[in-house]
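# Results of the structural survey
Single-letter residue listing:
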There are 4 protein chains.
Amino acid sequence: MIVVMRSGCSKADVQHVVKLIQELGLKDHVIEGTDRTVVAAIGDKRHLDMGAIENAPMVDRMVPILAPYKVASREVSPEPSVIPMGQGATVGGKKIAVIAGPCSVESEKQVIEVAQKVKAAGADALRGGAFKPRTNPYDFQGLGEEGLKLLAKARDETGLAVVTELMSIDQVDMVAEYADVLQIGTRNMHNFNLLMAAGKTDRTVLLKRGWSATLAEFLLAAEYIINEGNKNVILCERGIRTHESYVRNTLPLAIIPAIKRESHLPIVIDPSQGTGHSYMVPAMSRAAVAAGADGLIIEVHPDPQHALTDGGQSITPDQFSDLMDSLRQIAPAVDRTV
Amino acid sequence: MIVVMRSGCSKADVQHVVKLIQELGLKDHVIEGTDRTVVAAIGDKRHLDMGAIENAPMVDRMVPILAPYKVASREVSPEPSVIPMGQGATVGGKKIAVIAGPCSVESEKQVIEVAQKVKAAGADALRGGAFKPRTNPYDFQGLGEEGLKLLAKARDETGLAVVTELMSIDQVDMVAEYADVLQIGTRNMHNFNLLMAAGKTDRTVLLKRGWSATLAEFLLAAEYIINEGNKNVILCERGIRTHESYVRNTLPLAIIPAIKRESHLPIVIDPSQGTGHSYMVPAMSRAAVAAGADGLIIEVHPDPQHALTDGGQSITPDQFSDLMDSLRQIAPAVDRTV
Amino acid sequence: MIVVMRSGCSKADVQHVVKLIQELGLKDHVIEGTDRTVVAAIGDKRHLDMGAIENAPMVDRMVPILAPYKVASREVSPEPSVIPMGQGATVGGKKIAVIAGPCSVESEKQVIEVAQKVKAAGADALRGGAFKPRTNPYDFQGLGEEGLKLLAKARDETGLAVVTELMSIDQVDMVAEYADVLQIGTRNMHNFNLLMAAGKTDRTVLLKRGWSATLAEFLLAAEYIINEGNKNVILCERGIRTHESYVRNTLPLAIIPAIKRESHLPIVIDPSQGTGHSYMVPAMSRAAVAAGADGLIIEVHPDPQHALTDGGQSITPDQFSDLMDSLRQIAPAVDRTV
Amino acid sequence: MIVVMRSGCSKADVQHVVKLIQELGLKDHVIEGTDRTVVAAIGDKRHLDMGAIENAPMVDRMVPILAPYKVASREVSPEPSVIPMGQGATVGGKKIAVIAGPCSVESEKQVIEVAQKVKAAGADALRGGAFKPRTNPYDFQGLGEEGLKLLAKARDETGLAVVTELMSIDQVDMVAEYADVLQIGTRNMHNFNLLMAAGKTDRTVLLKRGWSATLAEFLLAAEYIINEGNKNVILCERGIRTHESYVRNTLPLAIIPAIKRESHLPIVIDPSQGTGHSYMVPAMSRAAVAAGADGLIIEVHPDPQHALTDGGQSITPDQFSDLMDSLRQIAPAVDRTV
């Protein structure tokens, strides 16, 4: 941490900061520049609230030097992690993992049909929501346990791993019973109690970035899970909130090289939520693979015009199959397979 | 809902949309403009996923007409609601409610001292965190139930209502036992299970806006609580995420007139979280009152330079007392008292 | 400037950075922390592109220490500047300056009527656009020189200083001939050639913040003007682009205390552009004054429903007069007058 | 345009809106919904300020139906435009156009060396700045006309078309004399006088999106150019301002399919400005091609660690050459060549 003093500070002001730093058990190091004095605080202070020093007289601001995350960082684990999804599928290796399926589980017919078709097109896992986090309390909230049973049945018929969202600590046991991968959605990325509960299971967790979370907050959320003993975390980017209105969310693909540099965890892209429009999904799926994504999670519905949720961003099984063909052409350019 | 067709659509394309609208039990109304055809869907469709129609051929986009919220809206309850906070204090009436106290409860001495001082300066309620939602798992997480007991003790000594945050459904009963007002923080505004659990208690809920939530999402979160039977909801703005870096959050005070127009619920402003810097807190508190806020929630710490959390944005009891004096001058200009 | 090395860098990596710093004529200072090494570069390097060092091996990132602005800063001029607007009016002193008038000059009758009414209500200056920066080329573009003449006529009749926008370097002489204050709009804050041309005149410049400019960029734009010899710069905040949709722009009033801390230049708030909705203008005007603004610039139109531009955000002369009354009540709380 | 009335409006309120619509020469069409009444205004009203109606009693808001842009739209020109860049190169056809070169022209040796190397690697055009729009007035401002001459010399030696930025209307003639393509930068996208001046030349214009411009504003800026008679406009996305801090700008690649749907103009991506970090440039270049971009504009410097500007985001000629190899593998997947 670097404390930047204001211009014109006195020696006493600097000494006051030095004393605050020492009280925290850290070593101080004063540098007098031509215009400003800065005081470096040396030592691991991730657990301290250094911000309090900002309130000292003549302090301009605090500049953190160390990244706040540890166990999710590349410094701790230099090699990329390959995370199992169940049913033999993995994320983070040479093969790009493709997770596909409907936004919501609506019926047995729907989910089995989609599962078979995405399997035939080359998907590695089936997504589908049984518990739906709906902004609007009047919207369809999902089939609940019945939906989980249908997903498990689809797995039995296709061999696809099942990825499904859970929204609350009291759903963890039930969802873990049926699913291979527990999805924590964007609205719950900062639901720390849920993160910790998922960290106590033996299921892989797919963690979506909060729609205005920073990269550091995203990795710290992963650390909440890992610190409970569960190392199997997959990161997922699903778009952020910006001023843009031609998309429902802005999909920042530069997070892929950023995560590769900062973390050993794999990163999966959601082009469906990440744009909100089905016509953009193929282009952004291709872009994600070309940018080095470890996987994709795509909404596929047999009849998007009659979908109960997210019809506007779902593609059909035929569109999905065409998309997979083009991904197979792109993957070798980044030394991957699909 | 208005369906805007793309330019050059055929009569069959329009008929296809008409049919989709009718299938949803709604009435259609086609308007042919000079360049574009639009189809209005008439009827209450808050519970339907109209977005699916976007996937129909030659549909450009959907334009919602009705606001998605109901029971929080001014249409349903034209009169402003006055919400009890406990201990005789209310929010939403002529008197502006001031909630003040430390970010975290750290010790009996700290919380009692602050409570007495903010009470003396004219505060209506005491804030203080026992369970802290920390982005960083290595940061101080709060004193838990011990902190709640200290808050209750401070209430006994001062008569101030106690406002404190809860983060998870398994904390609801415990927090409701000690606190007058349950605070749901910005990170949990979309934690629907927590909203519903708070809605089943008889405690007033102070609901903070998610840092990138829209106004509609904010009011819908309030409806999750109200729909469970708890009408006592106080809205709280605490700043949004933007590109600005001289603040920790951008505090959008125009939400005050917007909420007054759209909703009957009172709105309270948090200038501490809303800026992240103690030196900005007095100016933004005054601005909030002048803009018509129903209340303020302010972080006050006896020794901000040694605060365990949020020291950088806490003001001292003396600064708080001076601030209250200036608020008393401003309030009459907006026909309020402090 | 601080260069933060990546974890695991070698002594040679650090020496390479030291050499780059020395080549730039700066002094280096290496600090070895527990996890990271940082290298401080000491000396005034505002004119150097230190970013290039980021490309050196094992460099993580650069952290600037000095603010990039100088002559606009409080370090250079500790006392607040009082800027003349012409016709005896000033901005930055005890009296809050109120600039009011129509978005566009539409006719002699309109502009004279508004000028007389805002003068009667207590305004210090008249705003009105003769050259309009329109996003849409098909929109009304202003009356041009004819509009300038009408503004000058309104000044003659009322004694109000005239504030009007110029958009291009070839308009500078003409606008300076008629106007007291040259307004540079949000879309031109980064039009450096226009800033420099305005800096060569003897007219005061009202500089609006770009709708996504940082505070540093805003002050640097002011320095472009000041460095040409024109010290009379008034800063104006008119709202930023965010995800919010209930406003046309988000008005970040915390910039007022921030500017007061960083700069000696006065800051004026535009609640009309800053919200986009007339119903919000009174509340945000009051809030701006309570937050310490040095002035307001408000759109007033005799018949907003028939305004050629910005009717949605204009208030009537009667509403303006009521607003001025309430501002007179608030100003004393911040030791100001209106 | 749709006028949405507030709930509880009277027949007189609706009639008042109908009258305002008729006064504007438009046809009205009233639809009474179950909760709300809306009034459609039929006719082409791109040149009218309909916003004024918002100020009428009981009007909730205005919803535009028609896109504001015309000549840049796909409705007017259904076929994609292929735009000449000079020297035989084009943008918008099957071949993806690659524009590469240094941020600033620094010396003859530098620009000739880069030109030869990017030519050898397969680039179609040379970029290089002679006039630099610098946020900071103390930064290097470019070599001016001397730089233009060096660019022209590099063209003579390599046959590459020259793309360079102009910042002011008084530079148009000079830059047009030396350059093949006039670049208008992000800071000037709303400098309408400059857009119109460029529209009067016979040079192709590369128009960068303002860093917080909407898609509609971007296309309207193109229309300012086209309406002056110059149809040769290339759109360029270079990243937007968001809350993200691991990039200098957030690069929203979904604008590629959006532009393809809305406009006939080609779209080029700038991954250098679009991220701000050289290590991200290859990944984002590949992603742009996979998403369907018509071209790339990339900063290449022979010695980024000593670049006078933008060293942190420049790649070396060797890195550029490797990148081109991988683009050649990806392009066929989207039916393109490089």
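Here, every reference points to the structure presented above.
Residues numbered from 1 in each chain as written. Chains lettered and ligands numbered in written order. Predicted model: local features only at pLDDT ≥ 70, side-chain atom pairs only at ≥ 80, totals over all residues. Heavy atoms only, no water.

Moving on, we get to the overall build of chain A. Looking only at helices and strands, chain A has 9 helices and 14 strands in total. The principal-axis extents of the C-alpha atoms in chain A amount to approximately 75 × 45 × 40 Å. In chain A, buried positions account for 69% of the 338 residues. Of the accessible surface of chain A, which amounts to about 10400 Å², a share of 48% is contributed by carbon and sulfur atoms. (Helix = DSSP H or I, 4+ residues; strand = E, 2+ residues; numbered from the N terminus. Buried < 20%, exposed > 50% of the residue type's maximum accessible area, 1.4 Å probe, protein only. Areas by Shrake-Rupley, 256 points an atom, 1.4 Å probe, with all protein chains shown as cover.)

On to the packing of aromatic side chains, then. Under the criterion given, the structure shown has 4 aromatic pairs over all chains. Centre to centre, the rings of Phe192(B) and Tyr224(B) are 4.6 Å apart; their planes meet at 20°, and the pair counts as stacked. Separated by 32 residues along the polypeptide, Phe192(B) in helix H5 (residues 192–199) and Tyr224(B) in helix H6 (residues 215–226) bring together distant segments of the chain. Exposure class is identical for Phe192(B) and Tyr224(B). Each is buried. The aromatic ring of Tyr138(B) is capped on one face by Lys70(A), whose charged end is 4.8 Å from the ring centroid. (Phe/Tyr/Trp six-rings, centres within 6.5 Å; stacked < 30°, edge-to-face > 60°. Lys NZ or Arg CZ within 6 Å of the ring centre and 35° of its normal.)

It is at 7 Å that the axes of helix H8 (residues 281–290) of chain A and helix H8 (residues 281–290) of chain D come closest, and there the two elements cross at 155°. In terms of axis orientation, H8(A) runs roughly antiparallel to H8(D). For the crossing formed where H8(A) meets H8(D), the hand is right-handed. Contacts from Ala283(A), Arg286(A), Ala287(A) and Ala290(A) of H8(A) reach H8(D) at Ala283(D), Arg286(D), Ala287(D) and Ala290(D). Considered class by class, the residues forming the contact of H8(A) with H8(D) number 6 nonpolar, no polar and 2 charged. (Axes fitted to C-alpha atoms, helices over the stretch in contact; angles between N-to-C directions. Parallel < 35°, antiparallel > 145°, perpendicular 65-115°, else oblique. Left-handed = near helix turned anticlockwise from the far one by under 90°. Contact = heavy atoms within 4.5 Å. Nonpolar A, V, L, I, M, F, W, Y, C, P; charged D, E, K, R; others polar.)

When chain B is fitted onto chain A, the two copies agree to an RMSD of 0.0 Å after a turn of 180° and an axial shift of 0.0 Å. On the angle and the small slide along the axis, the relation comes out as a two-fold axis. Ranked by how close their C-alpha atoms come to the rotation axis, the residues of chain B are headed by Ser212(B), at 3.2 Å. In this assembly the copies share their binding face: 100% of the residues contributing to the interface of chain B also contribute to that of chain A. (Least-squares fit on C-alpha atoms with pLDDT ≥ 70 in both.)

On to the pattern of salt bridges, then. Between side chains of opposite charge, pairing is possible as soon as their charged atoms come close. In this structure the tally under the stated criterion is 88 salt bridges over all chains. A salt bridge links Lys117(B) to Glu113(B); the nearest nitrogen and oxygen atoms lie 3.2 Å apart. Here Lys117(B) and its partner Glu113(B) are both found in helix H2 (residues 108–121), 4 residues apart, which amounts to about one turn of the helix. In this structure Lys117(B) comes out as partly exposed when scored by relative accessible area, which is 40%. One network of salt bridges, with partners in common, ties together Arg36(A), Asp60(A), Arg61(A), Glu75(C) and Arg261(C). (Salt bridge = Lys/Arg side-chain N within 4 Å of Asp/Glu carboxyl O.)

Now for the interface of chain B and chain A. Contacts between the two partners involve 58 residues from chain B, matched on the other side by 58 residues from chain A. Of all residues in chain B, Asn55(B), Tyr138(B) and Gln305(B) bury the most surface against chain A, accounting for 17% of the area lost on that side. Inspection of the chain B/chain A interface yields 2 salt bridges. Scanning the region where chain B abuts chain A turns up 27 residue pairs in polar contact (both at pLDDT 80 or more). (Buried area = accessible area lost by both parts, 1.4 Å probe. Polar contact = N/O pair within 3.5 Å; in protein donor to acceptor, adjacent residues only side chain to side chain.)

In this section: the pairing of strand S1 (residues 2–5) of chain A. Residues and elements named next belong to chain A. The side-chain alternation of S1 yields two buried faces, one formed by Ile 2 and Val 4 and the other by Val 3 and Met 5. One ladder, built from 3 bridges, connects S1 with strand S3 (residues 37–42); its direction is antiparallel. Pairing of Ile 2 across the sheet is with Ala 40, part of S3. (Pairing = 2+ DSSP bridges.)

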